[in-house]
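Now for the letters of each chain:
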Amino acid sequence: MPTEEVMKLLETSPSGLNEEEILKRQKIYGPNKIEEIRKLSPIRLFFKQFQNALNYILILAAIISLVGESILDAVVIIIIIFINAILGFIQEYRSEQALEALKELSAPKTVVMRAGKERKVNTDELVPGDIVILATGDRVPADIRLFASVRMRVEESILTGEPGSEEKITAELPEDTPLVDRINMVYSGTSITGGRGSGVVVANGMYTEIGKIAREISEAGVEKTPLQKRISSLAIYLAILAIILASSQAILAFLRGLPLYDVLLFALASAISSIPEGLLAVITIVLVIGVRIMAKRNAIIRNLQAVETLGSATVICTDKTGTLTKNEMTVRALYLNGELIEVTGEGYTPIGNFKKNGAIIEPQENQHLQLLLKAMALCNDAYLVSENGRYSIFGDPTEGALVVAAAKGGIDKEKEERQTPRIDEIPFESELACMTTVHDFAEKEKHVYAKGSPERIISLCNEIYINNKAIEITDKLRKQVLDVSYELAAKGYRVLGISYRVVGSATYRLAREDCGKDLIFLGLVAMVDPPRKEAIEAVAKCKKAGIKVVMITGDHRETARAIAQEMGIMTEKDIILEGRELDNIPEEEFQKIVESVKVYARTEPRHKLRIVKALKNRGHIVAMGGDGVNDAPALKEANIGIAMGISGTQIAKETSDMVLADDNFASIVGAVEEGRTTFLNLRRVVLYLLATNIAEDIVLFSTLLLGFPLPFLPLQILWINLVTDGICDKTLAVEPRYRDVLKDPPRPPKERIVSRGVLYQIAFLASIMAIGTVFVYYLGIQSLGPLIIFEGYEIPRTMTFYTIIFFQLFNALNVRSREYSLFKIGITSNKYLAIGLIFSFILNISIVYVPFFQQLFEITPLPLGGWLIVLLVSSSALIIEEIRKALAPKLFSK
């Protein structure tokens, strides 16, 4: 709309609103601030963490331990419960702090026109219709439509995701103009980096773009991670199993006519056997280890559960600038004299060659090239800075690329400026589409240099430099230049035209309306923000791993397409959508095509959120990378939100699960690799724990059916589960990788920790352990063989106790790999497990010779023959599993 119509619609004028109208509108529109979203108090949020199935199981285990008079075990389990609650509380409480960070984007005071007078007011008092005056350094206080702009430039990357300042105009724009292109608007939270202007407030508070983001963050909620869902599901199954087994054994014991005390003893022992008391603690340890390893790969984990979730990712949505690319504009080609010259080198380091038809040329020997490079350096406000051998740019990245290219050709910008100082200029403006500078070359000679869009520069030229001289430019030559610029732009290059003119007048001054005229066209400059080499390799790894990479950028369609194709993200057959096209696609239709879209260009915050939701609705586990305020809702909605550590805003970091220390896409893929390894270690630990627990239950049930007394006491089971298991499971948590886990497809989102293959392996190992343990107990009771003569049940129970313990030690070696032989992966490749097994063996053997523990656990030293039987039978688990791995290594792989 024209600004006059905007004023009329909002019933205001350039002189501003009066106090009466301000108060009236404040009641209608509310304060200009981010509202407090109603949330749970910290105490209620903390107690909410106890409401999950695994904690219920652990509470039951603590009660059972107290009934069994094992106070120490009960205390340990209660500590585990509280650790779990504290971790959950920190996760949810921290996510709410993102809303607090949004409030910091508001400026405390704002200059306004009210009742014809200029005043400074509190920012939260602004209402639609207020007239706001803006100047360099100001933070924009609300969403404002401009009606005056004097070379105003605004840094909007927190909203658009694209670096650099945008120059503002006041003219109306098409109705469907994307947010990133609305250059007649300024938005709350953005910063004025140059110039001045004024405008009318069109949205305040929660109605601003920042306010909408705040609302989306609050509505996203805290969704359970795949691991939390899997653990909850596992806990429910374990609870049901514990109840069924304990009840059935109690009923069976009662039907056998056992005394009530023995009935309760069997039920208690069965319940304790069914519950892996150390499961939650070891899961936390596995995740913490994953956090530590990921940190070494530049991935800082903020949400512990995200470690495993990363391994489940099926889609990674990523920004382009700085993540897939280096965020260092680089000149790749020059077009002059009807030929393309390739420029080599990367980033801001001024080292590179100039090649024509593949052959290196000397730029100092090429007059035309030297003139072009000099124009690139002088019509420029950026500087190349060297510090400790590292180069960087002070100023605009695009201008910096020109300075670096000139330096590669031997042009020293600062030296040239001393020799030909700038005496006049027209800074770049969107309406002019060019920048012009005038330099004092001699007493009566000035040099004029201009750069800008190829269309604008070529229109200002009446001559073109060819074969070291200026000739008249014909329509054919104009078309030839523009055709080349279009071809370069279609390949993803940002293209600028460069021109110059020699003026003999000592009093020459530029006129803004013509930006310099009668110029001589020198050439085209093609530049690009080059992809990171490691990011290209990482995309290839994602393909191998079955992970889809989606690029979401605010950049133009062709630039996005070119980078995506160079990265290997998309092919010619894949779909690319712009934000405005996405707006016109119904949700039902979008759900059908979302799998085929690899690149989104010219996007807005709401588009990113919609894309993430659509992918999740298709059953994907989505990792979303972002750095701006505009990314926050999508980061929170995604299964794994990934913020950029260098370029990321505080709000993006607060809403994320992981922060990349180096802003590098390759670090995301490295984290996915570690996430998959973490899941394998989790599954390894669960396999180990459940095989032991189920074996204990089978032994209890079998001995009850056979009419034998209780084979081991509740306190003995707790020792086995908490001490022997507790040493081995924690050392299994650091098991190294034996193969390339990225060759595996992503796990189905609904796949349980205990998959069908794992369940079969648990049954297989538990059966070996149970049969062997019952056999040893039977030997003891029947006094079979010449080696042992038994009296009472202390020796049979001691043999049973140590048989199941030794089975566990051998089984820890079994579960290190589900398909590779122990001798292939190396007995000592996990040094922590090797030490743990030795320590566990010594500890368990020691307690049988200490009187206190003899009485506590009701065990007694065994004769040599007893130890031999225990060792021979328990080692069968390792022998049988090694045979299975040799004959059928993939038997339990599904």
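Worth saying up front: this structure is predicted, and the values here are computed from it rather than measured.

Describing the overall build of the chain
Okay, step 1: When helices and strands are counted, the chain shows 32 helices and 28 strands.
Okay, step 2: Counting over 894 residues, the chain shows a buried share of 57%.
Okay, step 3: Surface summary for the chain: the accessible area is close to 37,800 Å², and the carbon and sulfur share equals 58%.

Brief notes about the packing of aromatic side chains
Okay, step 1: In total, this model carries 16 aromatic pairs according to the counting rule given.
Okay, step 2: Ring geometry for Y465 against Y500: centres 6.5 Å apart, planes inclined by 75 degrees, an arrangement best described as edge-to-face. Here Y465, found in strand β19 (residues 461-466), pairs with Y500, found in strand β21 (residues 494-503); they are 35 residues apart in sequence, far enough to count as distant. As far as burial versus exposure is concerned, Y465 and Y500 are alike and both buried.
Okay, step 3: Here F852 and F853 contribute two aromatic rings whose centre-to-centre distance is 5.3 Å and whose plane-to-plane angle is 75 degrees, an arrangement assigned as edge-to-face.
Okay, step 4: On the accessibility criterion, F852 (54% relative accessible area) is exposed.
Okay, step 5: Take F853: its relative accessible area is 25%, and that puts it in the partly exposed class.
Okay, step 6: Pairwise contacts between aromatic rings join W719, F801, Y802, F806, F841, F852, F853, F857 and W867 into one cluster.
Okay, step 7: Just above the ring of Y383 sits the side chain of K413; from NZ or CZ to the centre is 4.8 Å.
Okay, step 8: The ring of F679 carries R747 above its face, with NZ or CZ at 3.5 Å from the centroid.

Focus: the confidence of the model for the chain
Okay, step 1: Confidence along the chain averages 85 in pLDDT terms, with 89% of residues attaining 70 or more.
Okay, step 2: The least confident element of the chain, judged by mean pLDDT, is helix α5 (residues 71-103) at 63; the most confident is helix α12 (residues 367-378) at 96.
Okay, step 3: Scored below 50 in pLDDT, residues 784-791 makes 15 contacts in the model with residues more than four places away or belonging to other chains.

Quick notes on α12
Okay, step 1: In a regular helix each residue adds 1.5 Å, so 12 residues correspond to 16 Å; α12 covers 17 Å between its end C-alpha atoms and thus fits that length.
Okay, step 2: With 10 of 12 residues buried, α12 lies mostly within the body of the structure.
Okay, step 3: Those residues of α12 that sit buried are H368, L369, Q370, L371, L372, L373, A375, M376, A377 and L378.
Okay, step 4: Sitting at the head of α12, N366 places a side-chain oxygen 3.2 Å from the backbone nitrogen of H368.

Remarks on a nonpolar patch on the surface
Okay, step 1: Where nonpolar side chains cluster on the molecular surface, the patch consists of Y56, I59 and I63 and spans about 290 Å² of accessible area.
Okay, step 2: In this fold, I63 is placed in helix α4 (residues 53-67).

Re the nonpolar core
Okay, step 1: The biggest cluster of nonpolar side chains holds 109 residues, and the ones touching the most others in it are L310, I642, F665 and Y802.
Okay, step 2: Per element, the largest residue contribution to this core is 17 residues, and it comes from helix α24 (residues 665-706).
Okay, step 3: What I642 contacts, discounting residues up to four positions off in sequence, is L310, A623, M624, G625, G626, L635, S656, M658, L660 and I668.
Okay, step 4: If you look at the next biggest cluster of nonpolar residues, it comprises 32 residues, including L496, I498, Y500 and M527.

Concerning the pattern of salt bridges
Okay, step 1: Going through the model one piece at a time under the given rule, you end up with 39 salt bridges.
Okay, step 2: Residue D181 is joined to R602 by a salt bridge in which the shortest nitrogen-to-oxygen separation is 2.0 Å. Here R602 lies in the loop between β25 (597-601) and α21 (605-617) and D181 lies in the loop between β5 (165-167) and β6 (185-186), a separation of 421 residues in the sequence.
Okay, step 3: Judged by its relative accessible area of 25%, D181 is partly exposed.
Okay, step 4: In this structure, K598 and D574 form a salt bridge, with 3.6 Å as the shortest nitrogen-oxygen distance. With K598 in strand β25 and D574 in the loop between α18 (557-567) and β24 (575-578), this pair connects stretches of sequence that are 24 residues apart. With respect to class, K598 is no different from D574; both count as buried.
Okay, step 5: Salt bridges sharing partners connect three or more residues here, namely R297, E673, E674 and R737.

Each value, and the rule that gives it
- Residues numbered from 1 in each chain as written.
- Predicted model: local features only at pLDDT ≥ 70, side-chain atom pairs only at ≥ 80, totals over all residues.
- Heavy atoms only, no water.
- Helix = DSSP H or I, 4+ residues; strand = E, 2+ residues; numbered from the N terminus.
- Buried < 20%, exposed > 50% of the residue type's maximum accessible area, 1.4 Å probe, protein only.
- Areas by Shrake-Rupley, 256 points an atom, 1.4 Å probe, with all protein chains shown as cover.
- Phe/Tyr/Trp six-rings, centres within 6.5 Å; stacked < 30°, edge-to-face > 60°.
- Lys NZ or Arg CZ within 6 Å of the ring centre and 35° of its normal.
- pLDDT = per-residue confidence, 0-100.
- Contact = heavy atoms within 4.5 Å.
- Expected span 1.5 Å × (residues − 1).
- Polar contact = N/O pair within 3.5 Å; in protein donor to acceptor, adjacent residues only side chain to side chain.
- Patch = residues over 30% accessible without salt bridge, like charges linked within 9 Å, V, L, I, M, F, W, Y side chains within 5 Å.
- Salt bridge = Lys/Arg side-chain N within 4 Å of Asp/Glu carboxyl O.
- Core = buried A, V, L, I, M, F, W, Y, C linked by side-chain atoms within 4.5 Å.

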